[in-house]
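# Topology and contacts: notes
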Protein chains: 2
Amino acid sequence: MLFGKKPLPWTEKKPLPICRCAMAAATPSLLILHPRLILFATTLRPTPLICHQFSLHSPPLSRLPVRFAHNKHHSFSTSPLATATPLSADNSNVNETTRAGRSGSISSPPHQVVDYSQKVDVNPPKGTRDFPPEEMRLRNWLFQNFKEVSQLFGFEEVDYPVLESEALYIRKAGEEIRDQLYCFEDRGNRRVALRPELTPSLARLVIQKGKSVALPIKWFAVGQCWRYERMTRGRRREHYQWNMDIIGVPDVTGEAELISSIVTFFKRIGITEKDVGFKISSRKVLQEVLSFYSVPESLFAKACIIIDKMGKIPMEEIKKELELVELSKDAIEDLLQVLTIKSLTELEEKLGGTGEAVSELKQLFSLAEKFGYSEWIQFDASVVRGLAYYTGIVFEGFDREGKLRAICGGGRYDRLLSTFGGDDLPACGFGFGDAVIIELLKERGLLPEPPLEIENIVCSLDPNLQGAAAMVASVLRGKGQCVDLVLENKPLKWVFKRATRINARRLILVGSAEWERGMVGVKILSTGEQYEVNVDELQ
Amino acid sequence: MLFGKKPLPWTEKKPLPICRCAMAAATPSLLILHPRLILFATTLRPTPLICHQFSLHSPPLSRLPVRFAHNKHHSFSTSPLATATPLSADNSNVNETTRAGRSGSISSPPHQVVDYSQKVDVNPPKGTRDFPPEEMRLRNWLFQNFKEVSQLFGFEEVDYPVLESEALYIRKAGEEIRDQLYCFEDRGNRRVALRPELTPSLARLVIQKGKSVALPIKWFAVGQCWRYERMTRGRRREHYQWNMDIIGVPDVTGEAELISSIVTFFKRIGITEKDVGFKISSRKVLQEVLSFYSVPESLFAKACIIIDKMGKIPMEEIKKELELVELSKDAIEDLLQVLTIKSLTELEEKLGGTGEAVSELKQLFSLAEKFGYSEWIQFDASVVRGLAYYTGIVFEGFDREGKLRAICGGGRYDRLLSTFGGDDLPACGFGFGDAVIIELLKERGLLPEPPLEIENIVCSLDPNLQGAAAMVASVLRGKGQCVDLVLENKPLKWVFKRATRINARRLILVGSAEWERGMVGVKILSTGEQYEVNVDELQ
């Protein structure tokens, strides 16, 4: 034996007991986990707690107190009391000095030391979110509804990389989306972007799959998308988007089916036609007007993008921008007049009954009756949507109280595949974000709060029975029962509190006397009923 | 009426009928969706199909045939036949000219034109994946198992942003992970990175939540992680990782519970202790050796990172690197000798029975018996894991045939929170990737192929009954039945083929005669049984 009998300096440090409550059993030393604290406590010398961000070549930590000004979110405490910030879930900096007394945590060093502490920002990067358990349960509830509705409609789930080639999103129509790309060059000098939407990836995959997939394709996805937007209240830089797309169906039954699925979704989560409506139009309306004025087709998408800004920028600017894409004053006036039309009859009077715009819209409204969602939809020529690739029917879901932005939007994009070098296929789809719908549910008092529910809590009454409790937990889990196993020796009061927090249905106690007989104690928490049961008979 | 009677040039184009099969009804014009094709067909002038990538300020498309050499994956066809590439799911470029005859697609222009076509790479960026339906079903199956096991153990699901502050990952111990960061500066000049692992985000969120969460925290996550690695067969730059973490439990019961959950997962998917084992050690073993030689604790993490390279780089280099961090020759020799130990008895002989390393390991092996997974685990001092922050027990799951890399890994990291400026809390957790386990399942012939299953297919026998079919589909969906609604007028042969593809259980036919009586035809596809049923009685 080379060594071992000599007492190691490391094991000689005196334990600092951690009492989570008065009755807690003695816990093993934790101070050992943070020996630097001893240094602080004994020397009271200003020393940084940590400083290993950003600078990869800086001298060793223990020698140099460093302050970084790189990330403006970092908090630098000059006095722990003066700068103490209240804890909030959203964009506040947590001043850790306020948490020194947390039970179960290791005490902070004396405050003289904190003057020099360097902290990582504990908030997610600006515009992004954490999903702590309660938020995650809500997200799962929402996504589950997205998925179940998609499956009711026979759609298959797909996904694509969050990181795509930037080329997929560089379209020439002047879309807002292009200036909001989260793009960068990777270590292999490829221009890449965090996807701002899912449709280009879908188109890419459809082309790649070629003949190996049968038409029509009916795919759905729920994926995170990124846009570097100016941050305003409730507007983030990432959101999840539910997409459903139909590839290979030229008929307007495709759009009708898509809107039906969104309506089905709304109904499931308690939203009615009194809360939400769909404004529906067709880009072919604009196309017919522009064709009448012999505006070249290459300018069509650009004109649509400009028109989509109506209501966001002043009408005079809209007109100016339209003039810049070589539209005549007459064309612009006529266009803007057509855009005010709110009824299909009036549209038909304007455009005549022979064009595809009117006939497809009429067919869609007729199908809506059969699907049973006529009350949800209305014609509105002002809807054009902000993406360049739409070619036919376009629609958006809106809050009837007018407080919120568009809830979802979609339409037909029959020519997207050829812009990527593929053969065109008739296609339609929609995107439905996770942000506005949550706002709407809050507004209407419909936001659920899915509770945490863990069926069983298993606890040993004696430190020596920890293994026995593990065995009981394993038996129950083997039978498909969810079990929160108490992993430390804790007083019963603590266990009951935890049982309440996790909404456990029953508490299973492993005590010496019962265990010797192969039994455990069971308490049904809702009724207070108690009994003993053989471990093998636990169900 | 300003205009409308004049036939619009756009609506005059002659339809090009698309016949998906001989019996298909006439489909509405689709050529209208791609009028440029007419130009190609009539002029045979070389014109680019698309060229709007990368260059935002290039002249209008129609004037200039452009070739880009920016992305090396782009394919440039000089002759459609000479360069035709076979379609493969992985990293091949799809030459669209080979797909001209696809039914349902729009015909390609004459091949003279293709010489100038510009295509977007249809593959996902290097190192990333698409999830077409069959891959997505597999991913869902795997993730569902991750989630169900986590829930059996009473863990709550959480998630964090994919994009985090780079500062979270810049540790000074010389980890491989630091050089593999997908990092960049965002438009607001923040240094950000696609997360390479989940634990730093967890630590950040735990600090942020402070006292508002009850201890112990038991959280799990399944999230995508990114590492810019050298690409070799089966090694990608993104993978999904299942994490389970316990915060606030200093006892080794935490680690025992975590390993139990992984074993439960393996058993569920058909993997046994004959396929997989866990190598278990403790960083405290090394710490005790280094303390004996009075190596300062600040060098501990660095030494661990170097030791973790054993087996990957030659032993002489390991020794050299250890000498560079100021370890004496004696210390290195002793360290390397300790690392060869494969039994707890031998370890105890070496280190003595008083240290925490031995006592915690013994406790863990004793608990494993109670949990019932003794056969899965073995002591192996050479396991140290490659992340800087581990402080105690470390473990990794390995393929007993030795063909694959580590399947999962984890351990105790009691001091991570203080490196971010928080108060330390005892913590342990593991990461389990989605790549190696799939390889293992393939190796063992255990990879499932979850089939597509859509209960019903609904089809009208008459174009005029499309609305009726929609109504029938809505009735069924309202009753929770999944329905693939045939959205076009298709011959029965086509419908049966689709029914087979989607594994439909029954086919519901909407024909005029039956519909007039409020009835539909039902065919049970497995038995061939046919009957009529009133729409309201459909279940």
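In this text the structure is predicted, and so the values were computed from the model without any measurement. (Residues numbered from 1 in each chain as written. Chains lettered and ligands numbered in written order. Predicted model: local features only at pLDDT ≥ 70, side-chain atom pairs only at ≥ 80, totals over all residues. Heavy atoms only, no water.)

### Structural notes on the overall build of chain A
As a reminder, the rule being used: A run of H or I in DSSP counts as a helix once it spans at least four residues, and a run of E counts as a strand once it spans at least two, with each numbered from the N terminus. Note on exposure labels: buried denotes an accessible area under 20% of the residue type's maximum, exposed denotes more than 50%, and partly exposed covers the range between, all computed with a 1.4 Å probe on protein chains only. Contact between two residues is taken to exist if any of their heavy atoms lie within 4.5 Å; hydrogens are not considered.
Broken down by element type, chain A carries 17 helices and 16 strands. Every one of the 539 residues in chain A was classed for burial, and the buried ones make up 60%. Expressed as a percentage of contacts within chain A between residues at least 6 apart in sequence, the contacts between residues at least 24 apart total 65%.

### Re the confidence of the model for chain A
Residues and elements named next belong to chain A. Definition in use: Note: pLDDT gives the predictor's confidence per residue, expressed from 0 to 100.
Residue-level pLDDT values for chain A average 81, and 78% of them are 70 or greater. Confidence over residues 1-117 falls short of pLDDT 50; this stretch has 214 contacts with residues more than four positions distant or in other chains. Scored as a complex, the prediction yields pTM 0.80 and ipTM 0.80.

### Looking at helix α16 (residues 492-501) of chain A
Since there are 3.6 residues in each turn of an α-helix, residues three or four apart along the chain are aligned in direction. Stated formally: For this quantity, the arc is that covered by the directions from the helix axis to the C-beta atoms.
The complete set of buried residues in α16 of chain A reads Trp-494, Val-495, Arg-498 and Ala-499 of chain A. On an axial view of α16 of chain A, the arc spanned by its buried residues comes to 140°, and they lie on one face. Across from the buried face of α16 of chain A, at angles greater than 90 degrees, the exposed residues are Lys-493, Lys-497 and Thr-500 of chain A. Taken together, the buried residues of α16 of chain A touch β12 (456-460), β13 (483-485) and β14 (506-510) of chain A together with β5 (217-226) of chain B. Positive backbone phi, at 55°, marks Asn-503 of chain A, one or two positions downstream of α16 of chain A.

### A closer look at the pairing of strand β4 (residues 191-194) of chain A
All names here are of chain A. Rules: Whether two strands pair depends on DSSP finding at least two bridges between them.
Relative to β4, strand β2 (residues 163-165) runs antiparallel, the two sharing three bridges. The residue of β4 that forms the bridge with Leu-163 is Leu-194. As judged from the four bridges shared by strand β3 (residues 182-185) and β4, these two strands associate in the antiparallel manner. When the bridges of β4 are listed, Phe-184 appears paired with Val-192. Between β3 and β4, which pair antiparallel in sequence order, lie five residues; one of them, Asn-189, sits at a positive phi of approximately 60°.

### Some thoughts on unusual backbone geometry
Excluding glycine, most residues fall at negative phi; most peptide bonds, likewise, are trans. At the junction of Leu-215 of chain A and Pro-216 of chain A, the peptide bond is cis and its omega measures out at -10° in the coordinates. Counting through the fold element by element, Pro-216 of chain A comes out in the loop between α5 (199-209) and β5 (217-226). For Glu-326 of chain B, which is not glycine, the phi torsion reads 70° and is therefore positive. Mapped onto the elements, Glu-326 of chain B comes out in the loop between α9 (315-324) and α10 (329-339). Glu-326 of chain B gets classed as exposed once you look at its relative accessible area, which sits at 68%.

### Comments concerning the packing of aromatic side chains
Operational definition: Side-chain rings of Phe, Tyr and Trp, where Trp is taken by its six-membered ring, are said to pair if the distance between their centres is within 6.5 Å; with planes under 30 degrees apart they count as stacked, over 60 as edge-to-face, and otherwise as tilted. To sit over a ring, a charge needs its Lys NZ or Arg CZ within 6 Å of the ring centre and within 35 degrees of the ring normal.
On inspection of all chains with the given rule, the structure shows 41 aromatic pairs over all chains. Between the aromatic rings of Phe-146 of chain B and Phe-432 of chain B, the centroid separation amounts to 5.6 Å while the plane-to-plane angle is 65°, which identifies the pairing as edge-to-face. Residue Phe-146 of chain B is located in helix α3 (residues 133-152), and its partner Phe-432 of chain B is located in strand β11 (residues 427-433); the two are separated by 286 residues in the primary sequence. In terms of burial, Phe-146 of chain B and Phe-432 of chain B fall into one category: buried. Through a chain of ring-to-ring contacts, the aromatic side chains of Phe-131, Phe-143, Phe-146, Tyr-240, Trp-242, Phe-265, Phe-266, Phe-278, Trp-376, Phe-430 and Phe-432 of chain A assemble into a single cluster. One cation-aromatic arrangement involves Lys-279 of chain B over Phe-398 of chain B; the distance from NZ or CZ to the ring centre is 4.7 Å. For Lys-490 of chain B, the ring lying beneath its charged end belongs to Trp-494 of chain B, and the centroid distance is 5.0 Å.

### Looking at the packing of helix α3 (residues 133-152) of chain A against helix α6 (residues 253-268) of chain A
All names here are of chain A. Which entries qualify depends on this criterion: Each axis is a line fitted through C-alpha atoms, and for a helix only the stretch in contact is used; angles between axes span 0 to 180 degrees, taken between their N-to-C directions. Orientation categories follow fixed angle ranges, with anything under 35 degrees roughly parallel, anything over 145 roughly antiparallel, 65 to 115 roughly perpendicular, and all other angles oblique. Here a crossing is taken to be left-handed if its near helix is turned anticlockwise relative to the far helix by less than a right angle, and right-handed if that turn runs clockwise. Amino acids outside the nonpolar list (Ala, Val, Leu, Ile, Met, Phe, Trp, Tyr, Cys, Pro) and the charged list (Asp, Glu, Lys, Arg) are all regarded as polar, and Gly is one of them.
Packing of α3 against α6 leaves a shortest axis separation of 10 Å and a crossing angle of 135°. Taken together, the axes of α3 and α6 are oblique relative to one another. For the crossing formed where α3 meets α6, the hand is right-handed. Here Leu-142, Asn-145, Phe-146, Glu-148, Val-149 and Leu-152 of α3 come into contact with α6, specifically with Ser-261, Thr-264, Phe-265 and Arg-268. For the contact of α3 with α6, the class distribution of residues is five nonpolar, three polar and two charged.

### Some remarks on the pattern of salt bridges
Side-chain pairing between opposite charges can occur once the charged atoms of the two side chains come close. The following threshold applies: The salt bridge definition used is simple: a Lys or Arg side-chain nitrogen within 4 Å of an Asp or Glu carboxyl oxygen.
On inspection of all chains with the given rule, the structure shows 81 salt bridges over all chains. Linking Arg-137 of chain A and Glu-156 of chain B is a salt bridge whose minimum nitrogen-to-oxygen distance equals 2.9 Å. Separated into two different chains, Arg-137 of chain A in helix α3 and Glu-156 of chain B in strand β1 (residues 156-157) make up a pair that spans both. Exposure remark for Glu-156 of chain B: the relative accessible area of 9% places this residue in the buried category. Across the pair Arg-139 of chain A and Asp-159 of chain B runs a salt bridge, and its minimum N-O distance is 3.0 Å. Of the two residues, Arg-139 of chain A is situated in helix α3 and Asp-159 of chain B in the loop between β1 and β2 (163-165); the pairing between them involves two chains. No difference in accessibility class separates Arg-139 of chain A from Asp-159 of chain B, as the two residues are buried.

### Some thoughts on the sheet that holds strand β6 (residues 238-247) of chain B
Residue and element names in this part refer to chain B. In spatial order, the strands read β1-β5-β6-β11-β10-β9-β7-β8; together these eight strands make up an open sheet with mixed pairing. Of all strands in the sheet, those bounded by a partner on one side alone are β1 and β8 (377-379). Direction of pairing for β5 relative to β6: antiparallel, over a ladder of ten bridges. Bridging from a neighbouring strand, Lys-218 pairs with Ile-246 of β6.

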